[in-house]
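Results of the structural survey
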Amino acid sequence: MLAALFVCGRLLAHPGQRLPYTPGDRIQAEWHLALAARLLGHGGNPFLLDRMNAPVGVNAMANTMQYGLGVPLAPITWLFGPAIAFDVLIVLALSGTAAAWYWLLSRHVVDSRPAAWVGGLLGGFAPSVVGHVTFHPNLAAQFLVPVIAWRVVKMRHARDGIALAALVVWQVFINEETLFITALALGVFLLAWRGLRWRALLPGLGVAAAISLVVLAYPLWWQFFGTGAYRGGEHQMTTFHTDLLGVGSFSRTSVAVRWSEFPPAPGFSAEQHAHLGWPLMLAALTFVGWQWRDRLIRSLAITGAVFLVLSFGTELTIRGRATGIPGPYALLAHLPLFDTLLPTRMGEALTWSLAPIAALAVARCRFPSRILAVGLVAALLVPAAPTPTPVIDRPAIPAFVSSGAWRGYVDADDSVLVVPLADFDHWTALSWSTATGLDMRLSHGYFLGPEGGVTGHHAVVGPPARSLDRLLRAPRPVTDADRSAARADLAYWHTAIIISLPDQAFAAQHALLDDLFGPSRPIEGVRLWDVRALRLN
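Residues numbered from 1 in each chain as written. Predicted model: local features only at pLDDT ≥ 70, side-chain atom pairs only at ≥ 80, totals over all residues. Heavy atoms only, no water.

1. Quick look at the overall build of the protein
For the record, the criterion: Each helix is a run of H or I in the DSSP string that is no shorter than four residues. Each strand is a run of E no shorter than two, and both are numbered from the N terminus. Radius of gyration: C-alpha atoms only; globule rule: 2.2 Å multiplied by the number of residues to the exponent 0.38. Only protein chains enter the accessibility calculation, which uses a 1.4 Å probe. A residue is then buried if its area is under 20% of the maximum for its type, exposed if over 50%, and partly exposed in between. Each accessible area is a Shrake-Rupley result for a 1.4 Å probe, and residues are judged covered by the shown protein chains and nothing else. Neither His nor the chain termini are counted; the positive set is Lys and Arg, and the negative set is Asp and Glu. Charge placement uses NZ in Lys and CZ in Arg. For Asp and Glu, CG and CD serve respectively.
The secondary structure content of the protein amounts to 22 helices and 12 strands. On C-alpha atoms alone, the protein measures out to a radius of gyration of 25 Å, which is about the 24 Å that the 2.2 N^0.38 rule sets for 537 residues. Projected onto its principal axes, the C-alpha coordinates of the protein cover approximately 80 × 50 × 50 Å. Here the protein, with 537 residues, has 55% of them falling under the buried criterion. Total accessible area computed for the protein in this model is approximately 22900 Å², and 64% of it derives from carbon and sulfur atoms. Taken together, the 39 basic and 33 acidic charged side chains of the protein have centroids lying 13 Å from each other.

2. Side note on helix α10 (residues 145–153)
Where we set the bar: Every residue pair with non-hydrogen atoms within 4.5 Å of one another is taken to be in contact.
Counting buried positions over the nine residues of α10 gives eight, a clear majority of the element. By the burial criterion, the buried members of α10 are V145, P146, V147, I148, A149, R151, V152 and V153. Contacts from the buried residues of α10 go to α6 (82–108), α11 (160–172), α12 (176–194) and α16 (348–364).

3. Examining the nonpolar core
Nonpolar side chains tend to gather and get buried jointly when the protein is soluble and globular. Note the following rule: We define a nonpolar core as any set of buried Ala, Val, Leu, Ile, Met, Phe, Trp, Tyr and Cys residues linked to one another through side-chain atoms lying within 4.5 Å.
In this structure, Y67, L94, F173, F400, I497 and I499 are the most contacted members of the largest nonpolar core, which totals 115 residues. At 10 residues, the largest contribution of residues to this core is made by α6. Among the nonpolar cores identified, the runner-up in size contains 18 residues, and V419, L468, L490 and F517 belong to it.

4. What about empty space enclosed by the protein?
Heads up, the condition is: Using protein atoms alone on a 1 Å grid, points that fit a 1.4 Å probe yet trap it form a cavity, whereas open point sets bounded by protein on both sides within 12 Å along at least five of seven lines form a pocket; residues with an atom within 4 Å of a point count as lining. Grid points are joined across faces, edges and corners, and a volume is the space filled by probe spheres set on the points. Amino acid classes used here: Ala, Val, Leu, Ile, Met, Phe, Trp, Tyr, Cys and Pro are nonpolar; Asp, Glu, Lys and Arg are charged; the rest, including Gly, are polar.
A complete count under the given rule lists one cavity of 30 Å³ or more for this structure. If you go around the largest cavity, the residues you meet are V416, L417, V418, A422, A429, L442, S443, H444 and G445. The leading source of residues in the lining of the largest cavity is strand β7 (residues 415–419), at three residues. Taken together, the residues of the lining of the largest cavity break down into six nonpolar, three polar and no charged.

5. Description of the packing of α10 against α11
Applicable threshold: Here an angle of 0 to 180 degrees is reported between the N-to-C directions of two axes, which are lines fitted to C-alpha atoms, with helices fitted over the stretch in contact. Angular relationships are summarised with four words: roughly parallel below 35 degrees, roughly antiparallel beyond 145, roughly perpendicular across 65 to 115, and oblique for the angles in between. For any helix crossing, the convention is left-handed if the near helix is rotated counterclockwise from the far helix by under a right angle, and right-handed if that rotation is clockwise.
Here α10 crosses α11 at 155°, and the two axes come no closer than 10 Å. Viewed along their axes, α10 and α11 adopt a mutual orientation that is roughly antiparallel. For the crossing formed where α10 meets α11, the hand is left-handed. Two secondary-structure elements touch here, α10 through V147, I148, R151 and V152 and α11 through D160, A163, L164, L167 and Q171. Residues that form the contact of α10 with α11 fall into these classes: six nonpolar, one polar and two charged.

6. Brief notes about the side chain of H136
Rules: We define a polar contact as two N or O atoms separated by no more than 3.5 Å, with the added condition that, inside protein, one atom must be a possible hydrogen donor and the other a possible acceptor, whereas residues neighbouring each other in sequence contribute only through side-chain atom pairs.
For H136, the position within the fold is in the loop between α8 (127–130) and α9 (137–140). Using a relative accessible area of 11% as the deciding quantity, one classes H136 as buried. A distance of 2.6 Å separates polar atoms of two side chains, one belonging to H136 and the other to D25.

7. Description of the pattern of salt bridges
Opposite charge on two side chains makes pairing possible when the charged atoms of those side chains draw close. Cut-off, in case you're wondering: Within this document, salt bridges are pairs made up of a side-chain nitrogen of Lys or Arg and a carboxyl oxygen of Asp or Glu, the two lying within 4 Å of each other.
Evaluation of the coordinates by the stated rule reveals 16 salt bridges. For R394, the salt bridge identified is with E30, shortest N-O distance 2.8 Å. On the criterion of sequence distance, the pair formed by R394 in the loop between β6 (391–393) and α18 (399–402) and E30 in helix α3 (residues 24–42) is long-range, its members being 364 residues apart. Here the two residues R394 and E30 agree in accessibility, since each one is buried. The structure contains a network of salt bridges with shared partners spanning R26, E30, D87 and R394.

None of the figures reported here should be taken as evidence of function without further support.
This is how it looks when you write it as structure tokens:
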């Protein structure tokens, strides 16, 4: 818990008032926490989100809805708001993941509590966890991974599948990607550990699969066939991969990043899963070589190596330069489920393999003194240890939104268009919607949906671009045809008002909107275009 408080300290110093240096995904996560609380209080379809992308909505199962975290935290969201709930969540995610690894290692892997403590720290504070903590709490919350692994490996009877099914269902509603990688990693580990001797596991796995499929049948139908379903992940996201030199490098969140020989890539720290630094990796390789005859260590090492290689993606790169050599992931990239996965996240399984290897190394190595043991472990772990996340101050919500003045313009079936349009870099719309408890229904949003809005097409970020969208992204002199098309767009979205911050950075968009719909009105911290009378019927 203390380590989690240290990593999140700059955020927690002013609860709910600060954001990580790249806030886009955090704002989206806060929106989903608000959604979980709203659904519990107001009801509604939890699998089709109608509070953004009006009038179509968003497929929740094909996005990061994280109900497995948002529902338990709903009381905190109700009492203190989603920003505070997020801060609580990331501390619980880090400390819970580390505690789960400690529990597994101390009860089932090693007899030494200090050794289990070292493995727990690695499992809970590696880049594959900490890199996500201020962006993607659903990916940082890996506390079920060691528990699922324990239930599978120790499975002896069909009835054991009931508990496993409960864990699987819960993990689906935290993050499916983590569950998918966990299942793959367990498959590789069991194959290396037990060969083809799986007969004792089959009854329990069958029961777990049957119960899980019954419980999840409807949510999964929504995900793959419901409104807003897509086939294949968003192109830019599915290209994230580990550089060949990345595994010897330190992540951007680490103590020693400044002394890394190879600048970490990609620049987004959340996707540096395998960047554990060369001291730790060399020590792990040395110990594995020494203990290679041990079946458990050999199986863990093989599992970690397989997923490290898969994390290299569809094309190998060195220092960020493409080599033209296909990576092993190219064999899987077009298969269902693999086609939506970020290859770099395969590196999560490297951490899951190294945590027990580290614990076993500390337990089995004999040191002349305790001081030497502590010093050596610190020398290996501290360089890769995380530092407190950089933060920025959270912008104030304009009074027009926070006071509820906007409600006087917007009926229940209406939507609000916020400029600039929502994306990773422009998160104002989601922030304002969250501040209203999602009462403010958005015409747009930051989400994954099918290209062109056609169910089953490839994933893209945001809704299909309409005429007004294209104009806002590339302002130019407008024509009468543009005005007619823009009014038709307002009718399609059922937009009542357009609002924007009075920021000179958006002066071109403001001038465009003035030309299309008449001059805006400054009111309580925003520029307002009341377009109710202009919508085409």
